[in-house]
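If you want the building blocks of each chain, they are given just below.
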Amino acid sequence: MRPYIALDGTWKCSLRRPLTHEQERAGLLYVVVALDLKGLKALMQHQDGKAARLAGRSGNGGPVGEGGPPEATAP
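Residues numbered from 1 in each chain as written. Predicted model: local features only at pLDDT ≥ 70, side-chain atom pairs only at ≥ 80, totals over all residues. Heavy atoms only, no water.

Some remarks on the sheet that holds strand β2 (residues 11-14)
Move 1: The sheet built from three strands is open, its strands ordered β1-β2-β3 with antiparallel pairing. The two strands at the open ends of the sheet, each matched to only one other strand, are β1 (4-5) and β3 (31-34).
Move 2: Pairing of β1 with β2, which is carried by two bridges, proceeds in the antiparallel orientation. Bridging from a neighbouring strand, I5 pairs with W11 of β2. (Pairing = 2+ DSSP bridges. Helix = DSSP H or I, 4+ residues; strand = E, 2+ residues; numbered from the N terminus.)

And the structure:
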């Protein structure tokens, strides 16, 4: 879906639906929220990377990763 500004002024984007159990275990998110468009795009790219790593691996590994990219979470 396309990013949009919510009523509270934050930027939001729904990424995937529905998530599979494997995607949830890997830490993929259904929606990302940021204070600005730059931060939202960074979070979207981070999620895309996690999804690509998940799609490229085989077996029952642990979570792909946690948290967001530094540029999206830094003060």
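Structural notes on the side chain of K50
Move 1: One can find K50 in helix α2 (residues 37-56).
Move 2: Classification of K50 as buried rests on a relative accessible area of 3%.
Move 3: A distance of 2.8 Å separates a polar side-chain atom of K50 from the backbone oxygen of G27. (Buried < 20%, exposed > 50% of the residue type's maximum accessible area, 1.4 Å probe, protein only. Polar contact = N/O pair within 3.5 Å; in protein donor to acceptor, adjacent residues only side chain to side chain.)

So, the pairing of β3
It is a general feature of regular strands that their side chains alternate between the two faces of the sheet.
Move 1: Side chains V32 and A34 project from β3 onto a buried face, and the interleaved V31 and V33 project onto a face without burial.
Move 2: With four bridges connecting them, β2 and β3 associate as antiparallel partners. Its bridge partner being in β3, W11 is matched across the sheet by A34.

Concerning the confidence of the model for the protein
Move 1: With 76% of its residues at a pLDDT of 70 or more, the protein has an overall mean of 81.
Move 2: Here residues 58-68 is modelled with pLDDT under 50, and outside its nearest four sequence neighbours on either side it reaches 17 contacts, counting other chains as well. (pLDDT = per-residue confidence, 0-100. Contact = heavy atoms within 4.5 Å.)

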